[in-house]
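Okay, here's what each chain looks like letter by letter:
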Amino acid sequence: MTDAIQKPLTESGPGLVKGKLGLGDVLFQGITHIGPAVSVVFTLPFIVSYAGAAAPIALIGAVIVMLFVANTVSEFTRYMPSTGGYYSFVRKGLGPRWGFLTGWSYFAYDPLGPAAVLGFMGFLAENVLKTGTGVDIPWWVFALAGLLVTWVLIYRGIAISTKTALILGTLEVLIMVALSISLLVSPAHSYHWTAPFNISNSLQGIHGILYGIVFSILALSGFESVAPLARETRDPKRLLPRAIFGSIILVGILFIFAGYAGIAGWGVDQAKTFATSANPFYEMAKRVWGLGWVFVFIAIINSVLAIAIASSNAVTRVWHGMGSVGVLPKELTRIQPRFRTPSNAIHLQIGISAVLTVAVGLWVGAADIYGFLGDIITVAIVIMYGLANISLFVYMRR
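Every chain is numbered independently, its residues counted from 1 as its sequence is written. Only residues with pLDDT of 70 or above have their local features reported here, since the model is predicted, and side-chain atom pairs are shown and tallied only from 80 upward, although totals for entire chains, interfaces and linings are computed over all residues. Each side-chain value is worked out from all heavy atoms of the structure, with water and hydrogens disregarded.

J.: How should the nonpolar core be read in this particular structure?
T.: Where a protein is soluble and globular, its nonpolar side chains tend to be buried together. Buried Ala, Val, Leu, Ile, Met, Phe, Trp, Tyr and Cys residues form a nonpolar core when they are joined through side-chain atoms within 4.5 Å. Any residue under 20% of the maximum accessible area for its type is buried, any over 50% is exposed, and the rest in between are partly exposed; the area is computed with a 1.4 Å probe on protein chains only. Judged by nonpolar contacts, the single largest core of 120 residues is most densely connected at L118 and F223. Only DSSP runs of H or I reaching four residues or more are called helices, and only runs of E reaching two or more are called strands; each is numbered from the N terminus. If you tally residues by element for this core, the top one is helix α13 (residues 294-324), at 15 residues. L118 has contacts with A143, G146, L147, V304, L305 and A308, leaving out every residue within four places of it along the chain. Should any heavy atoms of two residues lie within 4.5 Å, those residues are considered in contact.

J.: Looking at this structure, how should I read the pattern of salt bridges?
T.: Any two side chains of opposite charge can pair if their charged atoms end up close together. Any carboxyl oxygen of Asp or Glu that lies within 4 Å of a side-chain nitrogen of Lys or Arg is treated as forming a salt bridge with it. Under the definition given, this model contains three salt bridges. Among the ionic pairs, D235 bridges to R238, the shortest N-O distance being 2.7 Å. By relative accessible area, which is 39% here, D235 ends up partly exposed.

J.: Quick question: what am I supposed to make of the layout of surface pockets here?
T.: Where empty space is left in the structure can be found by rolling a water-sized probe over the atoms. A pocket here means an open set of points on a 1 Å grid, computed over the protein atoms alone, that has protein on both sides within 12 Å along at least five of seven lines. A cavity is instead a set of points where a 1.4 Å probe fits but cannot get out; residues with an atom within 4 Å of a point line either one. Grid points are joined across faces, edges and corners, and a volume is the space filled by probe spheres set on the points. By volume, the largest pocket is sized at about 830 Å³. Lining the largest pocket are 31 residues, and of these V41, F42, F120, S277 and A278 sit closest to its centre. The set of elements that each furnish at least two residues to the lining of the largest pocket consists of α2 (36-51), α6 (113-133), α9 (205-220), α12 (280-289) and α15 (369-397). Per element, the largest residue contribution to the lining of the largest pocket is seven residues, and it comes from α6. Looking at the lining of the largest pocket residue by residue, the class counts come to 17 nonpolar, ten polar and four charged. Three categories are distinguished: nonpolar for Ala, Val, Leu, Ile, Met, Phe, Trp, Tyr, Cys and Pro, charged for Asp, Glu, Lys and Arg, and polar for the others, with Gly belonging to the last.

J.: How should a nonpolar patch on the surface be read in this particular structure?
T.: The patches described consist of residues with a relative accessible area above 30% and no salt bridge, like charges being joined within 9 Å and nonpolar side chains (Val, Leu, Ile, Met, Phe, Trp, Tyr) within 5 Å. Using a 1.4 Å probe, the Shrake-Rupley method yields the accessible areas, and only the shown protein chains count as cover for residues. Where nonpolar side chains cluster on the molecular surface, the patch consists of I60, I64, F68 and F197 and spans about 400 Å² of accessible area. Owing to a relative accessible area of 33%, I60 belongs among the partly exposed residues under this scheme.

In structure tokens:
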């Protein structure tokens, strides 16, 4: 294949800076794109609404499923590391038409991610500030401020943006681990250590467990965002598979641990109220940490910014790759000469995120922006994962 998207990684000339990222950089690209704090705090109550106190069983099942999906991405990155990500994988295996469909599905995935998390972060920041100080600042101000920070970091280079994501990701993981340990040390009165692994505690039996696994897809997606950074990674055929599996395993362990601790801290017989609470982790943090609950809010802010950075880095590389083969306008292949970043693709992504954040937030309400865009993202993810799995089978047979 002679397309620009498939050129050897050793080519010379102006373009994306090559060999800049190490294992730690791409590993945290996957971890921060998944967003451990956001996955736990935002998504776990929804999973509990189906699986009840047995939610950890659903989380374990979801991690196993996602490891199989991760294997597909890992195998493709071994044979054809590319900035095009899923678009390139499916295009190579099933042909341009299916690749085009995958590309459009991708447009309903990563490009929507920053708007979903930044909009909801703005809603939380507005409420926390208003409740704590009485100061009322509109949610969209916080959301656009976060988007501005994202813009500056991803424009100034892949190294600085991934290093920032690494710092933010490490901090949020440490906070969530500390909270989980505190909840296990001070559990609710109705807790027994085996209860979260008892299917009878599911609110809808085995069906609730299965629903919980399905709805965990959104919470654990994002590991594949390391693939579009192939051209900027040292030895991508070796490092990218490690980062893919490493991010799933590490976040999966944290997700299961935090889910188990959340059930312990809230109470097995109170699973229904866990699912309907506005923010159960805030309430539990106030119980065990007092004023220290603010660290949970800090973890969410960190997680949101890291997700925005990681998803924007991934999608701009995909758009750069699709522009290289003529699927999107060639203008998207323009590289900023000083920072060696796809400047036009970055400007486009930030513009789309700004419009989506404000428009969808005003339409459905900032409180519902994450759920509304999350539903769209989940459908797109299922399509991409399905087509990629089929494509790998066809590609390896051929």
